Number of protein chains: 2
Amino acid sequence: MRLVIARCSVDYAGRLSAHLPSATRLLLIKADGSVSVHADDRAYKPLNWMSPPCALKEGEDGIWTVTNKGGEQLIITVEEILHDSSHELGVDPGLIKDGVEAHLQELLADRIEVLGEGWSLVRREYPTAIGPVDILCRDAGGGTVAVEIKRRGEIDGVEQLTRYLDLLNRDPLLAPVRGIFAAQEIKPQARVLATDRGIDCVTLDYDALRGIEDQKLRLF
Amino acid sequence: MRLVIARCSVDYAGRLSAHLPSATRLLLIKADGSVSVHADDRAYKPLNWMSPPCALKEGEDGIWTVTNKGGEQLIITVEEILHDSSHELGVDPGLIKDGVEAHLQELLADRIEVLGEGWSLVRREYPTAIGPVDILCRDAGGGTVAVEIKRRGEIDGVEQLTRYLDLLNRDPLLAPVRGIFAAQEIKPQARVLATDRGIDCVTLDYDALRGIEDQKLRLF
DNA sequence: GCGTACATATCGAGC
DNA sequence: GCTCGATGTGTACGC
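Because the structure is predicted, anything quoted here is derived from the model rather than measured. (Residues numbered from 1 in each chain as written. Chains lettered and ligands numbered in written order. Predicted model: local features only at pLDDT ≥ 70, side-chain atom pairs only at ≥ 80, totals over all residues. Heavy atoms only, no water.)

*Asks:* How should I be thinking about the overall build of chain A in this particular structure?
*Replies:* The helix and strand tally for chain A stands at four helices and 13 strands. In terms of overall dimensions, chain A is more spread out than a globule: its C-alpha atoms have a radius of gyration of 25 Å, far above the 17 Å expected for 220 residues. With the principal axes as the frame, chain A shows a C-alpha extent of 75 × 40 × 30 Å. Looking at the 220 residues of chain A, the share that counts as buried comes to 46%. Partitioning the intrachain contacts of chain A with sequence separation of at least 6 by distance along the chain shows that 48% fall at a separation of at least 24. When the accessible surface of chain A is split by element, carbon and sulfur atoms take 51% of a total near 10,900 Å². (Helix = DSSP H or I, 4+ residues; strand = E, 2+ residues; numbered from the N terminus. Rg over C-alpha atoms; globule rule 2.2 N^0.38 Å. Buried < 20%, exposed > 50% of the residue type's maximum accessible area, 1.4 Å probe, protein only. Contact = heavy atoms within 4.5 Å. Areas by Shrake-Rupley, 256 points an atom, 1.4 Å probe, with all protein chains shown as cover.)

Structure (structure tokens):
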């Protein structure tokens, strides 16, 4: 990893055109071939960048040219270098995550009764021609229910569930299938659209589900 | 901006939980208060971060604690510092972009005739209950047309236009409303879906539209 | 390699 | 402050 602090101007020509007037910035060159140009704000997002794989050519006139396979170009005109250091970092062991959609799915599948008394799981990741349905289950009356789980429930998720329901309802062995849109948080517009389509919305509490799960584990 | 190269392990407890085993990484501390932890790959995205506003407290035992208002925490256990430098960057003049959706919409609205002779603009950002339609216009026969504009035309955009059409066609003053999906580039799958739904696809040439606009400006 | 789905997305505009 | 849509979204995983 190479860190350069330099006064520079930058031009990007690729999926759009963009220009950065001259100023002092951080140029971050990673071992994976990526180059990014950071100001002292905007959280972690660089002002401009080129994703790997790409090639950096440092001209003798201070003009750095970064090119990728698609012909996109990042041209950095370096006027003055204030710092330049390189560091050997090695391969990173990587991030271990907990609390994402997959966990919500596991927890809800294991405690499907939170959706209603007498409900039972058919299976997780129920396969269809257009992809797996997160959870397929049966309500107390034996009716089929498809559940789409999201961490944050937005319109896209409702569309996704709608596509699954259209398909599942073509199967005479399953139909009629109704839908439940379950998320830790559901946006108003998504709720409106779901309701308009006869889809029920359920808000999940990750900590509560985990708590229930812990209780279950203590019981057995 | 402060740059630290350090052997460290990291724990994040917030919207999810995450852990990074000990390794050598870049710690990037920006003037806006953000902290990010970078490995030597993954392009510009850090392994872990805290967005501003947040506060960094450097303990004497090498334990750095970053906290934000929401109570999320990033705990960095620094085992060895290999580099530590600070740099004054000043305020960045910022990025100038060109060629995004807003420009396409302006250009097309101003030159609605490219969609067909005798067409006229009703208005840009025509409001509906589920959000504004990019362009509403009338064709030569006085029929209403809703136009959805995207830089890159994908399935999501077709779904979005479909929702608008469903809603607009419930309005007896407007119905029947047909749809046009306009983009610089339309993915094959999006084109198939649009066609299946009776939506016309139009490919926009940004440079050509800008050229037409320039001609218009020269004429008046 | 393309397409799909997820993400601590980030960011800016409008309300 | 919140919501919503755009993003050069990035990234992993499937086929």
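After that view, the rundown keeps rolling.
*Asks:* What exactly am I supposed to notice about the interface of chain B and chain A here?
*Replies:* Put simply, an interface is often sized by how much accessible area is lost when its parts join up. Between chain B and chain A, the contact holds 55 residues from the first and 57 residues from the second. Both sides together, the interface formed by chain B and chain A hides about 4,700 Å², and carbon and sulfur atoms give 59% of it. Looking only at chain B, the three residues that lose the most surface to chain A are Asp40(B), Tyr44(B) and Leu89(B), adding up to 16% of its buried area. Here chain B is connected to chain A by five salt bridges. Measuring nitrogen to oxygen at the nearest pair gives 3.5 Å for the salt bridge that ties Glu159(B) to Arg163(A). Between chain B and chain A we count 25 residue pairs in polar contact (both at pLDDT 80 or more) in total. Listing elements by their share of the side of chain B that touches chain A, those giving two or more residues are β1 (2–13), β2 (17–29), β3 (35–38), β4 (48–50), β7 (73–86), β8 (96–98) and α2 (155–168) of chain B. Residue composition of the side of chain B that touches chain A, grouped by class: 25 nonpolar, 14 polar and 16 charged. Sheet topology places strand β2 (residues 17–29) of chain A next to β8(B); three bridges connect them, and they run antiparallel. Bridged to Ala18(A) within β8(B) is Lys97(B). (Buried area = accessible area lost by both parts, 1.4 Å probe. Salt bridge = Lys/Arg side-chain N within 4 Å of Asp/Glu carboxyl O. Polar contact = N/O pair within 3.5 Å; in protein donor to acceptor, adjacent residues only side chain to side chain. Nonpolar A, V, L, I, M, F, W, Y, C, P; charged D, E, K, R; others polar. Pairing = 2+ DSSP bridges.)

*Asks:* I keep staring at the packing of helix α2 (residues 155–168) of chain A against α2(B) and nothing clicks. Help me out?
*Replies:* Their axes nearest at 12 Å, the elements α2(A) and α2(B) cross at an angle of 90°. One way to sum up the angle between α2(A) and α2(B) is to call them roughly perpendicular. Counted together, Ile155(A), Asp156(A), Glu159(A) and Arg163(A) of α2(A) and Asp156(B), Glu159(B) and Arg163(B) of α2(B) form the full contact between these two elements. (Axes fitted to C-alpha atoms, helices over the stretch in contact; angles between N-to-C directions. Parallel < 35°, antiparallel > 145°, perpendicular 65-115°, else oblique.)

*Asks:* How should the domain arrangement of chain A be read in this particular structure?
*Replies:* We note that the domain assignment places domain 1 (2–86) and domain 2 (101–219) within chain A. Between the C-alpha centres of domain 1 of chain A and domain 2 of chain A the distance comes to 45 Å. (Domains from an automatic or database assignment.)

*Asks:* How do you make sense of the sheet that holds strand β9 (residues 120–126) of chain B when you look at a structure like this?
*Replies:* Each strand in a sheet pairs with its neighbour through backbone hydrogen bonds, running either in the same direction (parallel) or in the opposite one (antiparallel). Residue and element names in this part refer to chain B. With mixed pairing, the five strands of this open sheet are ordered in space as β9-β10-β11-β12-β13. Edge positions in the open sheet fall to β9 and β13 (200–203), since each of these has one partner strand only. Averaged over all neighbouring strand pairs, the angle between strand axes comes to 30°, with direction disregarded. Of the strand pairs in this sheet, strand β10 (residues 133–138) and strand β11 (residues 144–153) are connected by four bridges, and their pairing is antiparallel. Following the sheet pairing, Leu-136 is matched in β11 by Ala-146. In this fold helix α1 (residues 101–110) packs onto β9, β10, β11 and β12 (177–186), with an angle of close to 145° to the strand it touches most, β11. Along the sheet, helix α3 (residues 188–196) makes contact with β11, β12 and β13, crossing β12 at roughly 170°.

*Asks:* Would you mind going over the sheet that holds strand β10 (residues 133–138) of chain A with me for this structure?
*Replies:* All names here are of chain A. Across the sheet, five strands lie side by side as β9-β10-β11-β12-β13; this open sheet has mixed pairing. Of all strands in the sheet, those with a lone pairing partner are β9 (120–126) and β13 (200–203), marking the two edges. Taking each pair of neighbouring strands and ignoring which way they run, the sheet shows an average axis angle of 30°. The pairing of strand β11 (residues 144–153) with strand β12 (residues 177–186) spans nine bridges and is parallel. Each residue of the ladder has a partner; that of Val-145, found in β12, is Arg-178.

*Asks:* When you look at the pattern of salt bridges in this model, what are you seeing that I'm missing?
*Replies:* A side chain of one charge can pair with a side chain of the opposite charge when the charged atoms of the two come close. Scanning the entire structure with this criterion turns up 33 salt bridges over all chains. Note that Arg7(A) is salt-bridged to Glu80(A), the shortest N-O span being 3.3 Å. Here Glu80(A) lies in strand β7 (residues 73–86) and Arg7(A) lies in strand β1 (residues 2–13), a separation of 73 residues in the sequence. When its relative accessible area of 35% is taken as the criterion, Glu80(A) is described as partly exposed. With a shortest N-O distance of 3.7 Å, Asp139(B) and Arg178(B) are connected by a salt bridge. Residue Asp139(B) is located in the loop between β10 and β11, and its partner Arg178(B) is located in strand β12; the two are separated by 39 residues in the primary sequence. Judged by its relative accessible area of 16%, Asp139(B) is buried. Connected via shared salt-bridge partners are Arg2(A), Glu58(A) and Asp84(A).

*Asks:* Is there a simple way to explain the packing of α2(A) against helix α3 (residues 188–196) of chain A in this structure?
*Replies:* Axes are the key here: two packed helices are described by the angle between their axes and the distance separating the axes. Residue and element names in this part refer to chain A. Between α2 and α3, the least distance of the axes is 8 Å, while the angle of their chain directions is 25°. Compared by their axis directions, α2 and α3 come out roughly parallel. Seen from α2, the contacting residues are Ile-155, Val-158 and Glu-159; seen from α3, they are Gln-189, Ala-190, Leu-193 and Ala-194. Among the residues forming the contact of α2 with α3, the class breakdown is five nonpolar, one polar and one charged.

*Asks:* How should unusual backbone geometry be read in this particular structure?
*Replies:* As a rule of thumb, non-glycine residues mostly have phi less than zero, and peptide bonds are mostly trans rather than cis. The amide bond that connects Ala175(A) to the next residue, Pro176(A), takes the cis arrangement and shows omega of -5°. If you trace the backbone, Pro176(A) turns up in the loop between α2 and β12. Omega for the bond connecting Pro52(B) with Pro53(B) falls within 30 degrees of zero, at 0°, which places this linkage in the cis form. Position of Pro53(B) relative to the elements: it lies in the loop between β4 and β5 (54–58). Despite not being glycine, Ala43(A) has its phi angle at roughly 50°, a positive value. As for its placement among the helices and strands, Ala43(A) is situated in the loop between β3 (35–38) and β4 (48–50).

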